[in-house]
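A look at the structure
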Amino acid sequence: MMISVIGAGYVGLVTAAGLARNGHSVVCIDVDDLRVNTINQWVSPIYEAGLDDLLSSLASRSGGLRASTAYREILDTDLSLICVGTPSNSNGSINLGHVRDAAKRIGQVLRSKNGYHLVATRSTIIPGTTRDVIIPLLAKYSGRTVGRDIGVAYNPEFLQEGKAVQAFFSPDRIIIGQLDKRAGDLLAEVYKDIAAPVFRTDITTAEMIKYASNAFLATKVSFINEIANICQKLGVDVYDVVKGLSFDYRIGDKFLSAGIGFGGSCLPKDLRALVYASSNKFGYPAPLLKAVLDVNAAQALKIIEIAEQKLGNLDGKKIAVLGLAFKPNTDDVRDAPAIRVIRVLLEKGAVVKAYDPEATENARNVLPGRVEYCTSVANAIDDSDCVLIVTEWAEFRDENLYQGKIVIDGRRALDPQKARAVCDYQGVCW
Ligand code: NAD
């Protein structure tokens with residue numbers, strides 16, 4: 001099939017490259033010239049495990065994948081997948097600016113298309129957005145009839161950054177929210193080479209499945225962090241508690257790693273957007289989900305409270321922060337706990353020495369200039385008064401790196417017993 005993917009970020013580029021690998025002919029449309037040029041040289045503009053290899057494997061296949069800034073290129077395709085960003089507004093609500101722009105520009109181009117064209121959204125959008133925003137924009141700017149000339153669907157993305165390429169080829173499920181059978185059938189055809197359960201439903205249900213999924217994952221993290229905080233008061237190791245819990249098949253052991261909480265480009269912003277929409281639009285205040293956010297906000301600051309217990313006033317103290325990305329194997333620092341921790345450390349007058357194998361450049365763009373970026377773990381911890389492990393990159397997981405140091409572990413990166421033999425070790429909630 002001929003497919004246009006609108007927005008070539010984490011979701012769009014992985015989707016586009018994966019579909020091209022499966023034999024489709026794909027064009028990425030992005031507003032960012034630099035990003036488009038980079039992709040056209042078969043180089044990934046983002047760090048995502050396996051993506052560079054996947055792109056270079058496509059270099060020799062003519063017509064497999066290319067990128068462009070010209071929306072008119074969607075005319076030669078059978079369908080468009082909208083994968084643009086949906087960031088938070090300052091009040092937590094979803095910012096649909098990029099989605100509106102994409103829908104409007106697709107509509108303008110489809111004005112001159114004769115045949116049927118499917119527009120499916122993969123961006124995370126508040127339930128009701130396809131019906132209330134995307135369909136009216138497509139209809140207005142194309143002058144065509146949605147349902148007859150333009151098919152519409154919603155196809156949520158569930159990728160985990162760091163494992164996105166692998167997840168594209170073996171997802172847990174494919175959700176197809178369809179306006180009608182024709183739209184759903186065409187979208188199902190796109191994924192015919194991928195072995196995964198396919199669930200077809202209406203569009204608003206599919207939009208809600210994405211939010212419910214992220215809300216549940218976030219709830220698991222705040223739940224186990226709350227249990228961990230209680231365990232810590234009792235001198236009980238929460239990781240042993242989770243081991244005991246995990247034998248219950250209804251509970252399992254996934255997403256129950258206690259630590260400094262969730263971050264990233266999805267869970268925090270999606271939860272905020274759902275709470276905002278539910279409270280202000282749907283008429284339900286969502287108290288449980290609000291509490292999940294509150295527990296998470298407090299959890300990140302615990303690492304600083306412990307540093308203050310160990311060092312007293314942090315003014316002038318050298319603090320090594322290991323990890324800037326919100327999790328290992330990505331360079332994404334959006335809503336990363338490390339960014340919040342560093343901002344508070346700087347407010348308290350600490351001298352911050354940060355190290356991350358991949359995310360330094362992205363962190364530099366969002367943090368004040370006073371942070372000293374280091375080129376290795378050794379370089380960061382060298383003359384530091386205290387080491388905070390904020391992201392569990394594999395290279396941080398060697399207790400022997402921290403001989404004689406004060407170490408506060410936010411991610412259970414180290415074995416507490418082994419670490420206590422070589423340094424002053426404290427877990428954030430164990
Ligand atoms: P991103 O910011 O990495 O990429 C978005 C891309 O869209 C950028 O390249 C940007 O230049 C481009 N863009 C913006 N406006 C555009 C326009 N009008 N036309 C064409 N291109 C435009 O975002 P992302 O992380 O890939 O997320 C995209 C969507 O997928 C969001 O709704 C997000 O919530 C959702 N999602 C993300 C993940 C994840 O792990 N990153 C997982 C599941 C779902």
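To keep things clear, this report deals only with the structure shown in the data block.

Cut-off values and rules
- Residues numbered from 1 in each chain as written.
- Predicted model: local features only at pLDDT ≥ 70, side-chain atom pairs only at ≥ 80, totals over all residues.
- Heavy atoms only, no water.
- Core = buried A, V, L, I, M, F, W, Y, C linked by side-chain atoms within 4.5 Å.
- Buried < 20%, exposed > 50% of the residue type's maximum accessible area, 1.4 Å probe, protein only.
- Helix = DSSP H or I, 4+ residues; strand = E, 2+ residues; numbered from the N terminus.
- Contact = heavy atoms within 4.5 Å.
- Polar contact = N/O pair within 3.5 Å; in protein donor to acceptor, adjacent residues only side chain to side chain.
- Near = heavy atom within 4 Å.
- Areas by Shrake-Rupley, 256 points an atom, 1.4 Å probe, with all protein chains shown as cover.
- 1 Å grid on protein atoms, 1.4 Å probe; cavity = no way out; pocket = protein on both sides within 12 Å on 5 of 7 lines; lining within 4 Å.
- Sits in = over half its atoms within 2 Å of the grid points.
- Nonpolar A, V, L, I, M, F, W, Y, C, P; charged D, E, K, R; others polar.
- Domains from an automatic or database assignment.
- Pairing = 2+ DSSP bridges.
- Axes fitted to C-alpha atoms, helices over the stretch in contact; angles between N-to-C directions.
- Points joined across faces, edges and corners; volume = space filled by probe spheres on them.

**Focus on the nonpolar core**
In terms of nonpolar packing, the biggest core is built from 64 residues, with Leu 322, Leu 345, Leu 388 and Tyr 402 touching the most fellow members. Broken down by element, this core gets its largest block of residues, seven residues, from helix α12 (residues 337-347). Non-local contacts of Tyr 402, meaning those with residues more than four positions away in its chain, are made with Leu 322, Val 377, Ile 381, Val 387, Ile 389, Phe 396, Val 407, Leu 414, Val 422 and Cys 423. Grouped together as the second largest cluster of nonpolar side chains are 45 residues, Ile 94, Val 133, Phe 262 and Val 292 included.

**Focus on the environment of Ser 376**
Examined against the element boundaries, Ser 376 turns out to sit in the loop between β11 (372-373) and α14 (377-381). When the C-alpha atoms of Ser 376 and Arg 111 are compared, they prove to be 54 Å apart, with 265 residues separating the residues in sequence. For Ser 376, the side chain forms a polar contact with the main-chain nitrogen of Asn 379, separated by 3.0 Å.

**Considering the site of the ligand**
Among the 29 residues in the neighbourhood of the ligand, the closest are listed as Asp 30, Tyr 71, Thr 86, Glu 161 and Lys 269. A distance of 2.7 Å separates a nitrogen atom of the ligand from a polar atom in the side chain of Glu 161. For the ligand, an oxygen atom lies 2.7 Å from a polar atom in the side chain of Lys 269. Within the complex, the protein chains bury 91% of what would otherwise be the 840 Å² of accessible surface of the ligand. Counting atoms within 2 Å of the grid points, the majority share of the ligand lands in the second largest pocket. At the level of elements, α1 (10-21) and α4 (97-110) are the ones that each hand at least two residues to the shell around the ligand. Across the shell around the ligand, the residue classes tally to 12 nonpolar, eight polar and nine charged. Both domain 1 (2-201) and domain 2 (235-427) contribute no fewer than three residues apiece to the shell around the ligand.

**Considerations on the sheet that holds strand β13 (residues 406-409)**
The sheet built from six strands is open, its strands ordered β11-β10-β9-β12-β13-β14 with parallel pairing. Strand pairing shows two members of the sheet lacking a second neighbour, β11 and β14 (424-427), which therefore form its edges. Two elements, strand β9 (residues 318-322) and strand β10 (residues 351-355), share five bridges in a ladder whose sense is parallel. Directly across from Ile 319, in β10, lies its bridge partner Val 352. With respect to the sheet, α12 is in contact with β9, β10 and β12 (386-389), its orientation differing from that of β10 by roughly 160°.

**Observations regarding the layout of surface pockets**
Over the atoms a probe the size of a water molecule is rolled, and this reveals where empty space is left. In this model, the second largest pocket occupies a volume close to 1,100 Å³. Surrounding the second largest pocket, 45 residues form its lining, Tyr 10, Val 84, Gly 85, Thr 86 and Arg 334 being those nearest its centre. Contributions of two or more residues to the lining of the second largest pocket are made by α1, α4, α10 (267-282) and α13 (360-366). The residue makeup of the lining of the second largest pocket includes at least three contributed by each of domain 1 (2-201) and domain 2 (235-427).

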